[in-house]
Amino acid sequence: MIKFMLMVNRQGQTRLSRYYQSVELSRRAALEADVVRCCLSRKKDQCSFVEYKDFKLVYRQYAALYIVVGVTDTENELSIYELVHNFVEVLDKYFSRVSELDIMFNLDRVHIILDEMIQNGHIVETNKSRILAPLTALDKMADG
């Protein structure tokens, strides 16, 4: 099961965070800082799966952004690694070459995409067209 997903830049600034298990707000900042420090300090030739406290971290770097997913010990790391790549491909398809600024200024749309893919910590959809269908409908109504 997925516990959380973070998107951070190289400076360690969180650009997106989504929690699927409750974590107190007071503990989130410390957790995020610790997780980000753990992933950003690793070298490029090291594995993208890290054992961290009572769960695993799966992370992937895209240009200046890192996407970090915290999962339970029973979750398949490779499926999460592919989910991260699929998420970025969906963002690329929607934003036509997504950038950190796209994410910052369209956070609501990024959350819609993420909510279409993951619900209650479980992967529910991977088809790019189906994931983007609600946003396509919203965009058509806005252009209307």
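Computed from a predicted structure; not experimentally measured.

The rules we used
- Residues numbered from 1 in each chain as written.
- Predicted model: local features only at pLDDT ≥ 70, side-chain atom pairs only at ≥ 80, totals over all residues.
- Heavy atoms only, no water.
- Salt bridge = Lys/Arg side-chain N within 4 Å of Asp/Glu carboxyl O.
- Helix = DSSP H or I, 4+ residues; strand = E, 2+ residues; numbered from the N terminus.
- Buried < 20%, exposed > 50% of the residue type's maximum accessible area, 1.4 Å probe, protein only.
- Core = buried A, V, L, I, M, F, W, Y, C linked by side-chain atoms within 4.5 Å.
- Contact = heavy atoms within 4.5 Å.
- Axes fitted to C-alpha atoms, helices over the stretch in contact; angles between N-to-C directions.
- Left-handed = near helix turned anticlockwise from the far one by under 90°.
- Nonpolar A, V, L, I, M, F, W, Y, C, P; charged D, E, K, R; others polar.

## Things to note about the pattern of salt bridges
Then, in step 1: Applying the stated rule across the entire model yields eight salt bridges.
Then, in step 2: Residue Lys-128 is joined to Glu-89 by a salt bridge in which the shortest nitrogen-to-oxygen separation is 3.0 Å. In this pair, Lys-128 is assigned in helix α5 (residues 128–143) and Glu-89 in helix α2 (residues 77–95), connecting sequence segments 39 residues apart.
Then, in step 3: For Lys-128, a relative accessible area of 27% puts it in the partly exposed group.
Then, in step 4: Here Arg-109 and Asp-139 are joined by a salt bridge, their closest N and O atoms 3.3 Å apart. Here Asp-139 lies in helix α5 and Arg-109 lies in helix α4 (residues 107–117), a separation of 30 residues in the sequence.

## Topic: the nonpolar core
Then, in step 1: Core analysis: the biggest nonpolar cluster contains 27 residues, and Ile-2, Met-7, Ile-67, Val-69, Phe-87, Ile-113 and Ile-118 have the highest contact counts within it.
Then, in step 2: Where this core is concerned, the elements lending two or more residues are β1 (2–9), β5 (65–71), α2, α4 and α5.
Then, in step 3: Residue contributions to this core peak at eight residues, all from α2.
Then, in step 4: In this structure, Ile-2 is in contact with Tyr-20, Val-69, Gly-70, Val-71, Glu-75, Ile-80, Leu-83, Ile-118, Gly-121 and Ile-123, ignoring residues within four places of it in sequence.

## Here we look at the packing of α2 against α5
Then, in step 1: Where α2 contacts α5, the axes come no closer than 10 Å and their chain directions differ by 35°. Between α2 and α5 the crossing geometry is right-handed. Contacts from Asn-86, Glu-89, Val-90, Lys-93 and Tyr-94 of α2 reach α5 at Lys-128, Ser-129, Ile-131, Leu-132, Leu-135 and Asp-139.
Then, in step 2: A class-by-class count of the residues in the contact of α2 with α5 yields five nonpolar, two polar and four charged.

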